[in-house]
Amino acid sequence: MAQNKRRTVNKKVKNKKGFQVKKFFSDERLKYGVGAILLIVAVYLFVAFISFLFFGSADQSKLDLSWSELVFNSDVRVGNKAGKTGAFLSEVFINRGFGIASFIFIYMVIVAGVNILGRKIARFGKTVILGSILIVWISITLGLTFAGDESGALTFLGGRYGLVMSTWLSSFIGTIGAVLFLLLTGFIIILTYFKNSVGWIKKLFKGNPKEKEKEVFELVDLEEEITPEESVSKVIEDDDVIKAIFDPDEEEDSIEVVPAEETTPHKEQKENDLELTVEERVEEEDDDFDPGIMEEYDPTLELSGYKLPPIDLLVDHDSGNAEVSNEELISNKNKIVETLRHYKIEITKIRATIGPTITLYEIIPAPGIRIAKIKNLEDDIALSLAALGIRIIAPIPGKGTIGIEVPNQNPETVSMRSIISSKKFQESTADLPIAIGKTISNETYTFDLAKMPHILVAGATGQGKSVGLNVIIASLLYKKHPSELKFIFFDPKKVELSLYTSIEKHYLAKMPDDEEPIITDIQKVKNVLNSLNIEMDQRYELLKKAHARNLKEYNKKFVSRRLNPEKGHRFMPYIVVVIDEFADMIMTVGKEIELPIARIAQLARAVGIHMIIATQRPSTNIITGIIKANFPTRIAFKVASMIDSRTILDTPGANQLIGKGDMLIASGSSLTRVQCAFMDTPEVEEICKFISEQKGFPEAYYLPEYTDNEGESFDADLSNLDELFEDAARLIVINQMGSTSMIQRKFSIGYNRAGRIMDQMEAAGIVGPSEGSKARQVLISDEYSLEQLLNSLVK
């Protein structure tokens, strides 16, 4: 009843033409006025406090006068540059209060003023809590330090409060006990509020004199309550969870914002009252890396001095102004409700979760509403919101709600730095951890490539595929030692992955006779993939001898020295195969690479070989059934049509993305929308430069040798030529195209016979060797030369 009464009062106030109380307090002019006043007060207090340090002792006698004499007697003058008021405030805060720790009060006032004006330099609630604790601790510490000052000239540094409390503490537990107590409490403050303190303390006691890096302490996020008065002008504050209750029939004036723990349902709430819960999660970050210690045999021993790339190589691309405003939330919520009501669809609750580029509105329809009816309104809602990329999830798996994803007006750029420094990634114990972006709930999306075990990446040109590949590669470079991981790069475009050439002796694997570590010649792709198949078979033989089920078990046995290297056993790194422009390879080499790829995809998981295939042409002749069956994890960036989306994900949705790294990740039966992290080319160059400047292995990791026998000449029996041999040869020379299928069509014969004729022409020197799905090269240029060759064969 109390809530209904409050809403009734709000409506009455709103309908009056005179002074409106709530509108007055939500007016932006009042907000900026209060912010400016607080900043002016802070400057005034700063001048007063500084002046007290120089004129405080001289003004002491005058401040002992009564308040009326001090204020109204113009003959009384003080040295403080802020006048009598400044001298009095300084006396109260510093001398009679907390000493020079009172300067922290000024900082708290500045934070409050700047935050009200709209610029978040620090969280106000966190600043108040930490500031108050530091004021008391510093005051007592200084009071104890200068308690023995007989002259009394320095006792003001701790203030009267610090002197009294330190004296009481000394009498209670002794001076030594007081010192130990203050050291303990100071240590607890550092551990509680500064999240990098553990790593800093570790490095301090390690005592490495060669490198002393500057440690940056960042305050740990604390949950703080925001009262309704603080939140009237803005729904999205800095708390982890804030809930806002809206009435769809009321204007912005009657918005009530309450903390999460105070939002309880009211039985007598009106039927039209809808609750919008806004969540904005800020993930804790930690810049302290610990690569771990290997026991007994150490595979990293040869490169024991190798250091993982530091986070400083990455750039923070956060613009700082990508914030979802209160007005945007209310506007979108009202438009969604209004559109649904046009079609007689009532909803009982609406809840918003804010992500970096997308806000998810979860709605609960009234009883009796069919889900399919809401799903069919996707285009109508998009038209109402005047936004691209609207996607309806009906229902959301695991929840009894329907989701409507709406792009933010000011999308946030998710920088690779924030992903790599996230606590979730740094504390990951996955074998091949990859952090690729942030979800709608602002959580870092990580997965283990070893469990995927292969990834298909597809999307239209310019939608973020290449950046996504760099993010995946960089994630592995930031976590794995060169002895634990090797890459094989296929780059038909010759420019996308060429940046990684410099880390050849650290992370790359190649064929022994290949000069370039990045495979750019499509004709060599088949040889490398077949060589990788040989490597896979060899690894399975070693696993069989070691009685191990997978690479992790095998390496664990080898590290614990339970396998004899003299019997061929060795520490085996993970191998990640990255194929860019897969469509180009299929068009050029065709089925010859699909079989070895399918075999690797089916069998290589257990021996630590994993594939990442990227293509910008998601058609069924490129992403075949064999590929899809063996690549359960698929990443889809924005595509042009629903058909392309179904080809990649087996479901629509990728055609409704907004581009610029917006993607859907299908893993098993789950489908997750993620904003891919942004990583610019200079950042990749800096990472590769940092790695290449360190000591590497003498040479790249060599794959087994493989000889392509298909390209060699056949010893075909030219004494028993097919009766159609001469006619077929003339056909080939006239058309200058060595095609087996053309011989089939022209002479109406089967494939086997046409293939034998083609083999005989190759042996006779009429056509060149097989080039996969491409037509063979015709070596005879004219019919006259052909007749001479045929005559010699007859003789």
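(A) Geometry of the overall build of the protein. When helices and strands are tallied, the protein shows 28 helices and 18 strands. Sorting the 795 residues of the protein into buried and exposed places 47% on the buried side. Put simply, 69% of the contacts in the protein that link residues at least 6 apart link residues at least 24 apart. A total of about 39900 Å² of accessible surface is found on the protein, and carbon and sulfur atoms cover 55% of it.

(B) Summary view of helix 23 (residues 642-649). Within helix 23, burial applies to Ser645, Thr647, Ile648 and Leu649. Across the axial projection of helix 23, the buried residues extend over an arc of 165°, all falling on one side. On its buried face, helix 23 is in contact with strand 10 (455-458), helix 22 (625-630), strand 15 (633-637), strand 16 (662-667) and strand 17 (670-676). Just downstream of helix 23 lies aspartate 650, where phi reads positive at about 65°.

(C) The nonpolar core, seen in detail. In this structure, Ile436, Phe487, Ile488, Phe490 and Ile597 are the most contacted members of the largest nonpolar core, which totals 111 residues. Residue contributions to this core peak at 8 residues, all from helix 18 (residues 525-546).

(D) Representation of the side chain of aspartate 448. Among the structural elements, aspartate 448 can be located in strand 9 (residues 444-448). Notably, aspartate 448 is buried but unbridged: the nearest opposite-charge side chain belongs to lysine 451, and the N-O separation is 4.7 Å. Not counting residues within four places of it along the chain, the set of residues in contact with aspartate 448 comprises Ala430, Asp431, Leu432 and Pro433.

(E) Region of interest: the pairing of strand 8 (residues 433-439). Of all 7 residues in strand 8, 7 are buried; the element is thus mostly enclosed. Both strand 8 and strand 9 contribute to a ladder of 5 bridges, which runs antiparallel. Paired with isoleucine 434 across the strands is phenylalanine 447, a residue of strand 9. Counting the residues in the hairpin turn of strand 8 and strand 9 gives 4 residues, including asparagine 442, whose phi is positive at 65°. Summarising the sheet, strand 8 and strand 17 pair through 3 bridges and their orientation is antiparallel. Following the sheet pairing, lysine 438 is matched in strand 17 by glutamine 675.

(F) Layout of the confidence of the model for the protein. Model confidence for the protein is summarised by a mean pLDDT of 78, while 78% of its residues fall at 70 or above. Every residue in residues 1-19 scores below 50 in pLDDT, and together they form 21 contacts with partners more than four places removed in sequence or on other chains. Considering only residues more than four positions removed or in separate chains, one finds that residues 710-714, a stretch of pLDDT under 50, has 9 contacts.

(G) Region of interest: the sheet that holds strand 10. On the basis of which strands lie adjacent, the open sheet formed by 9 strands has the order 9-8-17-16-15-10-14-13-11 and mixed pairing. The sheet is open, and its two borders are formed by strand 9 and strand 11 (485-490), each paired with just one other strand. Here the average twist between neighbouring strands, direction ignored, is 25°. Pairing of strand 11 with strand 13 (residues 574-579) involves 6 bridges; the strand directions are parallel. In the sheet register, isoleucine 488 faces strand 13, and the bridge partner there is valine 577. Helix 16 (residues 465-477) rests against strand 8, strand 10, strand 11, strand 13, strand 14 (609-615), strand 15 and strand 17 of the sheet, and its axis sits at about 130° to strand 8. The sheet strands contacting helix 23 are strand 10, strand 15, strand 16 and strand 17, and the helix crosses strand 15 at an angle near 160°.

(H) Representation of the pattern of salt bridges. Applying the stated criterion across every chain yields a total of 27 salt bridges. Linking arginine 570 and glutamate 535 is a salt bridge whose minimum nitrogen-to-oxygen distance equals 3.6 Å. Taken together, the residues span a long stretch of sequence, with arginine 570 in the loop between helix 19 (551-559) and strand 13 and glutamate 535 in helix 18 at a distance of 35 residues. The class of arginine 570 is partly exposed, set by a relative accessible area of 25%. Classification of glutamate 535 as buried rests on a relative accessible area of 2%.

(I) Quick look at a negative patch on the surface. A grouping of Asp680, Glu685, Glu686 and Glu693 is seen on the molecular surface, where their side chains present a negatively charged patch. Along the polypeptide, glutamate 685 turns up in helix 24 (residues 681-692).

(J) Main features of the side chain of glutamine 760. With respect to the helices, strands and loops of the structure, glutamine 760 is situated in helix 27 (residues 751-763). A polar contact is formed between the side chain of glutamine 760 and the backbone oxygen of asparagine 720, at a distance of 3.5 Å.

(K) Summary view of the pairing of strand 15. Across the 5 residues that make up strand 15, a large majority, 5, are buried. Burial along strand 15 is two-sided: Thr633, Ile635 and Phe637 and Arg634 and Ala636, pointing in opposite directions, are all buried.

(L) Structural view of a nonpolar patch on the surface. Residues Val43, Phe46, Val47, Ile50, Leu53, Phe54 and Ile100 make up a contiguous nonpolar surface patch of about 610 Å² in total accessible area. Of note, phenylalanine 46 is situated in helix 3 (residues 28-59). Overall, the relative accessible area of 44% leaves phenylalanine 46 in the partly exposed class.

(M) Seen up close, the packing of helix 25 (residues 725-735) against helix 27. Running from amino to carboxyl end, helix 25 crosses helix 27 at an angle of 75°, the nearest separation of the two axes being 10 Å. Accordingly, the angle class assigned to the pair helix 25 and helix 27 is roughly perpendicular. Judged by residue contacts, Phe725, Ala728, Ala729 and Ile732 of helix 25 engage Ile757, Met758, Gln760 and Met761 from helix 27.

(N) Quick peek at unusual backbone geometry. In this structure, the amide linkage connecting methionine 452 to the following residue, proline 453, adopts the cis form with an omega of -5°. With respect to the helices and strands, proline 453 occurs in the loop between strand 9 and strand 10. One non-glycine residue with positive phi stands out, namely asparagine 442, at about 65°. Within the secondary structure, asparagine 442 sits in the loop between strand 8 and strand 9. Overall, asparagine 442 belongs to the buried group, its relative accessible area being 7%.

(O) A look at the packing of aromatic side chains. Under the defined criterion, the tally for this structure stands at 13 aromatic pairs. The interplanar angle of 70° and the centroid separation of 6.3 Å between the aromatic rings of tyrosine 306 and tyrosine 507 together place this pair among those described as edge-to-face. With a gap of 201 residues between them, tyrosine 306 in the loop between strand 3 (274-279) and helix 11 (326-342) and tyrosine 507 in helix 17 (residues 504-507) connect regions that are remote in the sequence. The exposure class of tyrosine 507 is buried, given its relative accessible area of 0%.

(P) Just helix 26 (residues 740-747), in detail. Taken together, the buried positions of helix 26 are occupied by Thr740, Met742 and Ile743. Within helix 26, the buried residues cover an arc of 160° as seen down the axis, which keeps them to one side. On its buried face, helix 26 sits against helix 25 and helix 27. Taking the backbone nitrogen of methionine 742 as reference, a side-chain oxygen 3.3 Å away marks serine 739 as the first, capping residue of helix 26.

(Q) Fine view of the environment of glycine 462. Note that glycine 462 resides in the loop between strand 10 and helix 16. With a relative accessible area of 68%, glycine 462 lands in the exposed category.

(R) Broad picture of the packing of helix 18 against helix 19. Where helix 18 meets helix 19, the axes come as close as 10 Å, and the angle between the chain directions of the two elements is 60°. On the basis of the axis angle, helix 18 is oblique to helix 19. The two elements helix 18 and helix 19 meet at a crossing, and its hand is left-handed. Touching Arg539, Leu542, Leu543 and Ala546 of helix 18 are Leu551, Tyr554 and Lys557, all from helix 19. Within the contact of helix 18 with helix 19, the residues separate by chemical class into 5 nonpolar, no polar and 2 charged.

Conventions adopted
- Residues numbered from 1 in each chain as written.
- Predicted model: local features only at pLDDT ≥ 70, side-chain atom pairs only at ≥ 80, totals over all residues.
- Heavy atoms only, no water.
- Helix = DSSP H or I, 4+ residues; strand = E, 2+ residues; numbered from the N terminus.
- Buried < 20%, exposed > 50% of the residue type's maximum accessible area, 1.4 Å probe, protein only.
- Contact = heavy atoms within 4.5 Å.
- Areas by Shrake-Rupley, 256 points an atom, 1.4 Å probe, with all protein chains shown as cover.
- Arc of directions from axis to C-beta.
- Core = buried A, V, L, I, M, F, W, Y, C linked by side-chain atoms within 4.5 Å.
- Lys, Arg positive; Asp, Glu negative; His and termini not counted.
- Salt bridge = Lys/Arg side-chain N within 4 Å of Asp/Glu carboxyl O.
- Pairing = 2+ DSSP bridges.
- pLDDT = per-residue confidence, 0-100.
- Axes fitted to C-alpha atoms, helices over the stretch in contact; angles between N-to-C directions.
- Patch = residues over 30% accessible without salt bridge, like charges linked within 9 Å, V, L, I, M, F, W, Y side chains within 5 Å.
- Charge placed at Lys NZ, Arg CZ, Asp CG, Glu CD.
- Polar contact = N/O pair within 3.5 Å; in protein donor to acceptor, adjacent residues only side chain to side chain.
- Parallel < 35°, antiparallel > 145°, perpendicular 65-115°, else oblique.
- Phe/Tyr/Trp six-rings, centres within 6.5 Å; stacked < 30°, edge-to-face > 60°.
- Left-handed = near helix turned anticlockwise from the far one by under 90°.
- Nonpolar A, V, L, I, M, F, W, Y, C, P; charged D, E, K, R; others polar.

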